[in-house]
Amino acid sequence: MNSGHQHRVFGRRAQEHILILASGDKVRHMTVRPWMAALAFCFVGVFSIGYLLATSYLVLRDDLIGATMARQARMQHDYEDRIAALRAQVDRITSRQLLDQQVVEDKVDKLMEQQMALTSRHGKLDNLLDRAESSGLTEKDGAPPAPVQSYAPDVKDKRASLNRSGIEAIEKQLASGAPADATPDNSTLAYVPATDTVGDRADRIFSKVTLSLKDVEQDQRSRVEQLTSDAGNAANAIETVLTRFKIPMPETAARKDDDDAVGGPYVEPESNDGFSNSLAALDGALTRLEAVRSTAESLPFRNPAIGKDVTSPFGNRRDPFLGRLALHSGIDFRFSPGERIRPAAPGKVISAGWTGGYGNMIEIDHGNGISTRYGHMSEVLVKVGDTVDRNDVIGLAGSTGRSTGTHLHYEVRQDGHAVDPVYFMNAGLKLATYIK
């Protein structure tokens, strides 16, 4: 009995749930097992949760869309601000480049003007230096250097005349600086001025070139002023000697002739800068020096018998033929028979041939009332009317006329009167540095 009761209590199984579906004559049944119920419950739970989430999304969707649109609007505004800042910076850089280009072009124009001025001055200065050298004021090796033209342009179009090498040199100098750093990140760009712009570098470069040209101009001006002073001193020294011999100054006659039969309206000079005035002063000093120097070189200030012994000076002496006191109107130089004789200065032959006690004599007119005579020659090699130079041979030494032996009778006459040639030769020693 106990075992039967126990069997009924502990051996009983739970009743299975059966789902019966009837449709007309057909009857179907389906056993609902526990796992099926659990699966159905889970599906219903998942569906409910999804429904709740979808409902919540629909409720909160407007706020999320608004936040997303606001975020996108902020991003768009940031990018627009950045683009605007970049455009502003590009505009600043472009305008700065245009300004720098204008500055460079202005500097190049100024340099071209200075270069053209130096080139123009160089032509005038070259001519003046050649004249100064011919006047004995400078030596060939001591001439001042010409203006620097390492990047000299073609002056046909001074704006577009820089050659390729000059442009590359300037661009290399201008591009030597570091560019300005770009602002990082995506934040709005702020204007940061460049520490060293192209214009600043151009100012430094062209300032150095301008100072260099100024130094060249100052050196040239100092040299011109020194040459002007030297030319004036040399002209004064020559004029002092000429005045002693009562020779009229050539510049006085030239000025008188220049003022005769001239005229015209007054027009301002082309340039009135200091350097042009210095060149004009040097030109005037050289013209004056050349005039007095030419006059001095045409006069017999040199010794016609350098290295020869003087056998009889100028002045009263005992006549070798009569044995009594007589005036010796020249100087006798010892020569060998047939030795060549050259004049003391250039001039024009006004007498050539036998002339009394002079024997074979040549007289040369040197202008300004001064002439020289060469007597006792064995042979005359020129004729009346010939123009002779200092290096021309006019005759051969001999002993013709009133002569006791082979020698040269040298005589200087001023306005027809005999003058001691020693006076002229001593003056020639003082003028040796000024005349050839």
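Residues numbered from 1 in each chain as written. Predicted model: local features only at pLDDT ≥ 70, side-chain atom pairs only at ≥ 80, totals over all residues. Heavy atoms only, no water.

## Some thoughts on the overall build of the chain
Looking only at helices and strands, the chain has seven helices and 14 strands in total. Total accessible area computed for the chain in this model is approximately 28500 Å², and 55% of it derives from carbon and sulfur atoms. (Helix = DSSP H or I, 4+ residues; strand = E, 2+ residues; numbered from the N terminus. Areas by Shrake-Rupley, 256 points an atom, 1.4 Å probe, with all protein chains shown as cover.)

## Quick word on the packing of aromatic side chains
Following the criterion strictly, the structure yields four aromatic pairs and no others. Members of the aromatic cluster, connected to one another through ring pairs, are Phe245, Phe301 and Phe424. The ring of Phe335 carries the charged tip of Lys308 above its face, separated from the ring centre by 5.0 Å. (Phe/Tyr/Trp six-rings, centres within 6.5 Å; stacked < 30°, edge-to-face > 60°. Lys NZ or Arg CZ within 6 Å of the ring centre and 35° of its normal.)

## Topic: the environment of Phe424
The residue Phe424 is located in helix H7 (residues 421-430) in this model. Setting aside chain neighbours within four positions, we find Phe424 in contact with Phe245, Pro300, Phe301, Ile370, Val412, Gln414 and Val419. (Contact = heavy atoms within 4.5 Å.)

## Some points on the environment of Val216
Inspection of the secondary structure assignment puts Val216 in helix H4 (residues 198-244). C-alpha of Val216 to C-alpha of Leu118: the two residues are 98 residues apart in sequence and 9.1 Å apart in space.

## Notes on H7
Along H7, the residues classified as buried are Pro421, Phe424, Met425, Ala427 and Gly428. Looking straight down H7, one finds its buried side chains confined to an arc of 160 degrees; they lie on one side. When the buried face of H7 is taken as reference, the exposed residues oriented beyond 90 degrees from it are Tyr423, Leu429 and Lys430. (Buried < 20%, exposed > 50% of the residue type's maximum accessible area, 1.4 Å probe, protein only. Arc of directions from axis to C-beta.)

## Structural notes on the pairing of strand E6 (residues 331-334)
Two elements, strand E3 (residues 310-312) and E6, share two bridges in a ladder whose sense is antiparallel. Across the sheet, Val310 pairs through a bridge with Phe333, a residue of E6. As judged from the four bridges shared by E6 and strand E13 (residues 407-414), these two strands associate in the antiparallel manner. Across the sheet, the residue bridging to Ile331 is Tyr410, located in E13. (Pairing = 2+ DSSP bridges.)

## Concerning the pattern of salt bridges
Enumeration over the complete set of coordinates arrives at nine salt bridges. Between Glu363 and Arg373 there is a salt bridge, with its nearest N and O atoms 3.3 Å apart. Placement of Glu363 in strand E9 (residues 360-365) and of Arg373 in strand E10 (residues 370-380) is noted, with a sequence separation of 10 residues between them. You'll find Glu363 and Arg373 in the same group, each marked buried. What emerges from the salt-bridge pattern is a single network uniting Glu363, Arg373, Glu411 and Arg413. (Salt bridge = Lys/Arg side-chain N within 4 Å of Asp/Glu carboxyl O.)

## Concerning the side chain of Asp332
Its location among the elements puts Asp332 in strand E6. A distance of 3.3 Å separates a polar atom in the side chain of Asp332 from a polar atom in the side chain of His328. Not counting the four nearest positions on each side in its chain, Asp332 is found in contact with Asp309, Val310, Thr311, Ser312, Arg317, His407, Leu408 and His409. (Polar contact = N/O pair within 3.5 Å; in protein donor to acceptor, adjacent residues only side chain to side chain.)

## Quick look at a nonpolar patch on the surface
There is a patch of nonpolar side chains on the surface, built from Leu19, Leu21, Met30, Val32, Trp35, Met36 and Leu39 and spanning about 650 Å² of accessible area. Broken down by secondary-structure element, the contributors of at least two residues to the nonpolar patch are strand E1 (17-23), strand E2 (26-32) and helix H2 (34-134). Among the elements that take part in the nonpolar patch, H2 stands out by supplying three residues, more than any other. Looking at the element boundaries, Leu19 is found in strand E1. You can call Leu19 partly exposed: its relative accessible area is 38%. (Patch = residues over 30% accessible without salt bridge, like charges linked within 9 Å, V, L, I, M, F, W, Y side chains within 5 Å.)

## Some details on the nonpolar core
By size, the foremost hydrophobic cluster in this structure holds 51 residues, and its most contacted members are Leu137, Leu242, Leu289, Phe301, Ile341, Tyr374 and Ile394. With residues up to four places along the chain from it excluded, the contact list for Leu242 reads Ile247, Met249, Val292, Thr295, Ala296, Leu299 and Phe301. By size, the runner-up hydrophobic cluster in this structure holds eight residues, among which are Val104, Leu118, Phe206 and Val209. (Core = buried A, V, L, I, M, F, W, Y, C linked by side-chain atoms within 4.5 Å.)

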